[in-house]
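An overview of the molecular structure
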Amino acid sequence: MKPFHYERASSVASACASATEPTTKFIAGGTNLLDLMKLQIETPTHLVDIAPLPLAQIEETAEGGLRIGARVTNSVLAADMRVRRRYPVLSQAILAGASTQLRNKATTGGNLLQRTRCAYFYDTTKPCNKRMPGSGCAALDGLNRMNAVIGVSNDCIAAHGSDMAVAMAVLDARVETVAADGATRTIPIDALYRAPGNTPHIETVLAPGEMIQSVLLPPPPPGRQLYRKVRDRASYAFALVSVAAVVAREGDLVSAARVAFGGISYKPWRSAEAEAALVGAPATRASFDAAGRAALKDAHGYGYNDFKIPLARRTLRAVLADATGVI
Amino acid sequence: MERILPFLTALSRRRFLETAGAVTLAMASRPAAAEAAAEPVSMPTENVTLTVNGRRHALDLDPRTTLLDALRERLGLTGTKKGCDQGQCGACTVIVNGQRINSCLTLAVMHTGDEITTIEGLEEDGNLHPMQAAFVRHDGLQCGYCTPGQICSAVALLAEHKAGWPSYATADVATAPVLTDAEIAERMSGNICRCSAYANIVSAIREVAEGGRT
């Protein structure tokens, strides 16, 4: 690990002001950042520990949703009875990720900003445009089984590793931030992440010194909420593919549908195409297959990860069948 | 730098193994070694007060020191093991303010004021903690390297279950789950046992969950 100066934040404003330098990082749970610092993939010279900041509450909002502080741990969020009753897809998704030890440290804000687990991002002997801009992408022709199949570029095919964010995408979560100059803004979770294009090292729209203070969940949408994760072992593994869905049925028809995928893109991949195909369609396997085809129509495999495209379609079908009671 | 220093001290078996490991690592990653050589020899340190197993310790630490390294290398509490050092194996699990964490993925400076419990702090008046005794009784180990982490994890697991926390194995997350074997296995998935003593680990935990030896 490279040497750094350690500072405990005394206020949000002072923390943001300290963090305007690109070599400064906020640290909350640290489970991803410290791992990357040990490998010298992250080399901050200054760490601002936000543990003292009052950002660990979960509050009801006037509109009937929840405001989740950035420092609320994954464990606390998944175990909160309001989340378990009104946003079960969020509890399920969080509990599908990592281990209890990690969830006890990992925070809401940190989870959203975690970096990819692409093996070539982690392997400092290999080129990686995300880690070292302009060096190339070793995953393109490499062992890319875990990599993304949609929304990515020939400069970077890294997948986002979060389960929590997939559920938040389907719940229309909004991220509330504060900048170094004190300005606040609200960013829909889908707009938080930047497509890799030819600048895969720039991953979000956040400015240096801009801090996620909280995540806003609107009131729960109508319908059954489900999260399903497909992975190489039964627990404690990153998703090959995951699906979060909120689906309502009236009679034989799907009356409302929200769908997002994990493991297939640089961000939690909300699919307007699948949703459009589902709403008003009969609740049948044929409709669910059509939704899957619509969702993955622009997907492109890179060899070892070709299987993710049919796997994503089938996982979606299974989730939709489960949610609507179709056998 | 810190990892090279043991060369200067007596070469106990532990120290030798550690040092040999550090050399292998350095050879595998030459750029890192070259940069390390250019770093200043003395780094500014932070004053940290760690409360471990009820005892307060004032330490001067390089801010890079993980909680795991502070426990093992500075406080001599070597019960907590270093396995992968990247949060994947669970051997370094300790309990902080009642919650289990990977001590390898957190900095010691972040834990001033926290109550830290390690495997050394579980026994009471010289008697094994019921979970320790159950692991012995059920033969929940072979080589034993993962065991301190497994036991700390299991002790915290019971508290989490008592608090009604769900897991990924819980069919309806809005309900308080029953601690089935599937629940125990899912909740213990952050602790890897390469000897694969899992069946006996689960039975040890279940016995303590059900109120101990009958």
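Refer to the preceding data block for the structure.
Only a predicted model underlies this, so the values are computations on that prediction, with no experimental measurement involved.

Residue and element names in this part refer to chain A. In total, this model carries 29 salt bridges over all chains according to the counting rule given. Glu176 is the partner of Arg67 in a salt bridge, and the nearest nitrogen-oxygen pair spans 2.8 Å. Taken together, the positions of Arg67 in strand 5 (residues 66-69) and Glu176 in strand 6 (residues 174-178) put the pair 109 residues apart, joining distant regions of the chain. Among the ionic pairs, Glu275 bridges to Arg270, the shortest N-O distance being 2.6 Å. Take Glu275: its relative accessible area is 12%, and that puts it in the buried class.

Moving on, we come to the packing of aromatic side chains. Under the counting rule described, the total for this entry stands at 1 aromatic pair over all chains. Arranged with centres 6.0 Å apart and planes meeting at 80°, the rings of Phe121 of chain A and Tyr122 of chain A form a pair that is edge-to-face. Grouping residues by exposure puts Phe121 of chain A and Tyr122 of chain A together as buried. One Lys or Arg, Arg231 of chain A, reaches over the ring of Tyr168 of chain B and ends 5.1 Å from the middle of that ring.

Turning next to helix 3 (residues 67-74) of chain B. Residue and element names in this part refer to chain B. Within helix 3, 6 of the 8 residues are buried, leaving the element largely enclosed by the surrounding structure. Those residues of helix 3 that fall on the buried side of the exposure criterion are Leu67, Leu68, Asp69, Ala70, Leu71 and Arg72. Backbone geometry just downstream of helix 3 places Gly76 in the positive-phi region, at approximately 70°.

The next thing to look at is helix 5 (residues 147-162) of chain B. Residue and element names in this part refer to chain B. With 16 residues, helix 5 ought to run about 22 Å at 1.5 Å a step, and its terminal C-alpha atoms sit 22 Å apart, in line with that. For helix 5, the buried fraction is high: 13 of the 16 residues fall into the buried class. Once helix 5 finishes, Gly164 follows within two positions and takes phi at roughly 85°, a positive value.

What follows concerns the nonpolar core. Of all hydrophobic cores here, the largest spans 85 residues; its most connected members are Leu77, Leu90, Leu112, Met168, Phe261 and Ile264 of chain A. With residues up to four places along the chain from it excluded, the contact list for Ile264 of chain A reads Ala148, Val149, Ile150, Val241, Trp269, Leu296 and Ala312 of chain A. Grouped together as the second largest cluster of nonpolar side chains are 25 residues, Phe4 and Leu34 of chain A together with Leu50 and Ile101 of chain B included.

What counts, and where the lines are drawn
- Residues numbered from 1 in each chain as written.
- Chains lettered and ligands numbered in written order.
- Predicted model: local features only at pLDDT ≥ 70, side-chain atom pairs only at ≥ 80, totals over all residues.
- Heavy atoms only, no water.
- Salt bridge = Lys/Arg side-chain N within 4 Å of Asp/Glu carboxyl O.
- Helix = DSSP H or I, 4+ residues; strand = E, 2+ residues; numbered from the N terminus.
- Buried < 20%, exposed > 50% of the residue type's maximum accessible area, 1.4 Å probe, protein only.
- Phe/Tyr/Trp six-rings, centres within 6.5 Å; stacked < 30°, edge-to-face > 60°.
- Lys NZ or Arg CZ within 6 Å of the ring centre and 35° of its normal.
- Expected span 1.5 Å × (residues − 1).
- Core = buried A, V, L, I, M, F, W, Y, C linked by side-chain atoms within 4.5 Å.
- Contact = heavy atoms within 4.5 Å.

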